[in-house]
Amino acid sequence: QVQLVESGGGLVQAGGSLTLSCAASGRTFSGYGMGWFRQAPGKEREFVATINWSGSSTYYADSVKGRFTISRDNAKNTVYLQMNSLKPEDTAVYYCAADPQRRIWPTREYEYSYWGQGTQVTVSS
């Protein structure tokens with residue numbers, strides 16, 4: 001069982017940066033693939049980025065590629081999402097999720113077994 005808690009959301013102007021953190025409980029964190037998703041008002045939740053268990057492999061949605069960076073620190077049981085050059089369309093609730101199956105680049109919600117409660121990111125124009 002893994003519990004995930006996101007933090008770091010807030011209000012930022014377009015062009016600005018934010019770093020989200022996701023702290024995980026449980027000794028098996030280092031064995032899980034991790035992902036970030038987001039849900040904008042009135043829209044379905046969508047995939048943002050994923051990182052494998054060791055941190056050696058990452059994959060991004062086209063909409064954030066080149067602007068967002070996912071990383072992890074297994075010693076701290078934490079995964080990060082560095083967001084640069086933020087746009088108003090990045091406004092959403094951001095969720096982190098854990099995949100215990102070590103899939104290669106999981107991008108679908110059903111591939112993740114554990115979810116955090118979400119953190120709000122608002123980008124003003």
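Residues numbered from 1 in each chain as written. Predicted model: local features only at pLDDT ≥ 70, side-chain atom pairs only at ≥ 80, totals over all residues. Heavy atoms only, no water.

J.: Would you take a moment to explain the pairing of strand β1 (residues 4-7) for this structure?
T.: Successive side chains on a regular strand alternate, one facing one side of the sheet and the next facing the other. Every second residue of β1 is oriented toward a common face, the buried set being Leu4 and Glu6 and the non-buried set Val5 and Ser7. Where β1 and strand β3 (residues 18-24) come together, 4 bridges link them in antiparallel fashion. Along β3, the bridge assignment pairs glutamate 6 with cysteine 22. (Buried < 20%, exposed > 50% of the residue type's maximum accessible area, 1.4 Å probe, protein only. Helix = DSSP H or I, 4+ residues; strand = E, 2+ residues; numbered from the N terminus. Pairing = 2+ DSSP bridges.)

J.: Could you clarify how one ought to interpret the pairing of strand β5 (residues 46-51) in this entry?
T.: Of all 6 residues that make up β5, 5 are buried, and the element is covered over most of its length. With 5 bridges joining them, strand β4 (residues 33-39) and β5 adopt antiparallel strand pairing. Within β5, the residue paired with arginine 38 across the bridge is glutamate 46. Linking β4 to β5, which pair antiparallel, is a turn of 6 residues; within it glycine 42 sits at a positive phi near 75°. The sheet contact formed by β5 and strand β6 (residues 58-60) spans 3 bridges and is antiparallel. What sits directly across from alanine 49, in β6, is tyrosine 60.

J.: Explain the environment of serine 85 to me, please; I cannot follow it from the model alone.
T.: Inspection of the secondary structure assignment puts serine 85 in the loop between β8 (78-83) and β9 (92-99). Given a relative accessible area of 41%, serine 85 falls into the partly exposed group. Other than its neighbours up to four places away in sequence, serine 85 contacts Gly15, Gly16, Ser17, Arg67 and Asp90. (Contact = heavy atoms within 4.5 Å.)

J.: Is there a simple way to think about the state of the cysteines in this case?
T.: Disulfide: a covalent bond formed between the sulfur atoms of two cysteine residues. The tally for this structure, following the rule as stated, stands at 1 disulfide. At a sulfur-sulfur separation of 1.9 Å, the disulfide partner of cysteine 22 is cysteine 96. Between cysteine 22 and cysteine 96, the S-S torsion sits near 50°, and that sign places the bridge as right-handed. Taken together, the residues cysteine 22 in strand β3 and cysteine 96 in strand β9 connect sequence positions 74 residues apart. For cysteine 22, a relative accessible area of 0% gives the class buried. (Disulfide = S-S within 2.5 Å.)

J.: Explanation requested: the sheet that holds β3 in the structure shown.
T.: What holds strands together in a sheet is hydrogen bonding between their backbones, with the strands either parallel or antiparallel. Within the open sheet, the 4 strands sit side by side as β1-β3-β8-β7. Their pairing is antiparallel. The sheet is open, and its two borders are formed by β1 and β7 (68-73), each paired with just one other strand. Pairs of neighbouring strands in the sheet enclose a mean axial angle of 15°, with direction left out of account. (Axes fitted to C-alpha atoms, helices over the stretch in contact; angles between N-to-C directions.)

J.: Mind showing me how you'd approach the side chain of aspartate 99 here?
T.: Mapped onto the secondary structure, aspartate 99 falls in strand β9. From its side chain, aspartate 99 meets the backbone nitrogen of glutamine 101 in a polar contact 3.0 Å long. Among the polar contacts made by the side chain of aspartate 99, one reaches the side chain of arginine 103 at a distance of 2.7 Å. The contact partners of aspartate 99, leaving out residues within four places of it in the chain, are Tyr32, Gly33, Pro106, Glu111 and Tyr112. (Polar contact = N/O pair within 3.5 Å; in protein donor to acceptor, adjacent residues only side chain to side chain.)

J.: Even after reading the chapter, I still don't get a nonpolar patch on the surface, so can you show me in this structure?
T.: Together, Tyr59, Ile104 and Trp105 make up an exposed nonpolar region whose accessible area comes to about 350 Å². Inspection of the secondary structure assignment puts tryptophan 105 in the loop between β9 and β10 (114-115). (Patch = residues over 30% accessible without salt bridge, like charges linked within 9 Å, V, L, I, M, F, W, Y side chains within 5 Å. Areas by Shrake-Rupley, 256 points an atom, 1.4 Å probe, with all protein chains shown as cover. Salt bridge = Lys/Arg side-chain N within 4 Å of Asp/Glu carboxyl O.)

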